[in-house]
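Read off the chains here:
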Amino acid sequence: IALWLAAKDGDCYAIRLLVMDGADLEARDSQGRTALHIATQYGHQAAVKTLLAAKEMRRMARFGELPDSVFFDKFKKWIYSLKQRSCKIFVLRNRK
């Protein structure tokens, strides 16, 4: 529920904290919407980008393209380096 509320409010800082804490990005509300759907519905472009970046980083970690420790280290640095409402997106990709 907290991730859905953060998405509805466009609160990128809260989204990052919840994702770091293991929030389910695919969880659906009673209407079948994910946090990504909710952020899109309310026009929060920065929150949409934050959720997409989180999904991509989790995908990379799951398939071994990015070790879990790197995922969390990058997300922590991201949180501490940005102000609460500035939602710039940095996605790292390991290319072979």
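Look above for the structure.
Figured I'd write up the structure that's included with this text. (Residues numbered from 1 in each chain as written. Predicted model: local features only at pLDDT ≥ 70, side-chain atom pairs only at ≥ 80, totals over all residues. Heavy atoms only, no water.)

### Some remarks on the overall build of the protein
The test is simple: Comment: elements are numbered from the N terminus, with helices defined as DSSP H or I runs of at least four residues and strands as E runs of at least two. Note on classification: 1.4 Å probe, protein chains only; a residue is buried when its accessible area is under 20% of the maximum for its type, exposed when over 50%, partly exposed between these limits. Residue contacts follow a heavy-atom distance rule, with two residues in contact if any of their heavy atoms lie within 4.5 Å. The method behind every accessible area is Shrake-Rupley, applied with a 1.4 Å probe, and residues are considered shielded solely by the protein chains displayed.
Within the protein one finds five helices and zero strands. N-terminal to C-terminal, the α/β element order of the protein is α-α-α-α-α. Counting all 96 residues of the protein, 39% fall into the buried class. Look at the contacts in the protein between residues 6 or more apart in sequence, and 60% of them connect residues 24 or more apart. For the protein, the accessible area works out to roughly 6000 Å², and carbon and sulfur atoms hold 53% of it.

### With respect to the environment of Lys8
Structurally, Lys8 can be placed in helix H1 (residues 2-9). Apart from residues lying up to four places away in sequence, Lys8 is in contact with Ile38, Tyr42 and His44.

### A look at the packing of helix H2 (residues 12-20) against helix H4 (residues 45-62)
As a reminder, the rule being used: Axis angles are defined between N-to-C directions and span 0 to 180 degrees, where every axis is a line fitted to C-alpha atoms and, for a helix, only to the segment in contact. Note on terminology: angles under 35 degrees are roughly parallel, angles over 145 are roughly antiparallel, angles of 65 to 115 are roughly perpendicular, and the others are oblique. What makes a crossing left-handed is the near helix being turned counterclockwise from the far one by less than a right angle; a clockwise turn instead makes it right-handed. Charged residues are taken to be Asp, Glu, Lys and Arg, nonpolar residues to be Ala, Val, Leu, Ile, Met, Phe, Trp, Tyr, Cys and Pro, and polar residues to be all remaining types, Gly included.
H4 packs onto H2 with a crossing angle of 20° between their chain directions and a minimal axis gap of 9 Å. On the basis of their axis angle, the class for H2 and H4 is roughly parallel. At the point where H2 passes H4, the crossing takes the right-handed sense. In contact with Cys12, Ile15, Arg16 and Val19 of H2, H4 contributes Ala46, Ala47, Thr50, Leu51, Ala54 and Arg58. Split into classes, the residues belonging to the contact of H2 with H4 amount to seven nonpolar, one polar and two charged.

### Regarding H2
Formally: Polar contacts, as counted here, are pairs of nitrogen or oxygen atoms within 3.5 Å of one another; within protein the pair requires one atom able to donate a hydrogen and one able to accept it, and residues that are adjacent in sequence qualify only if both atoms are side-chain atoms.
Buried within H2 we find Cys12, Ala14, Ile15, Arg16 and Val19. N-cap assignment for H2: the residue whose side-chain oxygen lies 3.3 Å from the backbone N of Tyr13 is Asp11.

### Here we look at the packing of H1 against H2
One can describe the packing of H1 onto H2 by two numbers: an axis separation of 8 Å at closest approach and a directional angle of 155°. The pairing of H1 with H2 is recorded here as roughly antiparallel in orientation. Helix-helix and strand crossings are classified by hand; for H1 and H2 the assignment is left-handed. Contact residues: Ala2, Leu3, Ala6 and Ala7 in H1; Ala14, Ile15 and Leu18 in H2. In the contact of H1 with H2, the residues fall into seven nonpolar, no polar and no charged.

### Side note on the nonpolar core
Rules: To form a nonpolar core, buried Ala, Val, Leu, Ile, Met, Phe, Trp, Tyr and Cys residues must be joined to one another through side-chain atoms within 4.5 Å.
Judged by nonpolar contacts, the single largest core of 18 residues is most densely connected at Leu3, Ala7, Ile15, Leu25, Ala35, Ala39 and Leu51. Ignoring sequence-local partners within four residues, the contact set of Ile15 consists of Leu3, Ala6, Ala7, Ala47, Thr50 and Leu51.

### Some words on H1
Put simply, the rule is: Along the arc lie the directions from the helix axis toward the C-beta atoms.
Along H1, the residues classified as buried are Leu3, Trp4, Ala6 and Ala7. The buried residues of H1 occupy an angular sector of 165° when projected down its axis, which confines them to one face. Two residues or fewer past H1, Gly10 is found with a positive phi of approximately 70°.

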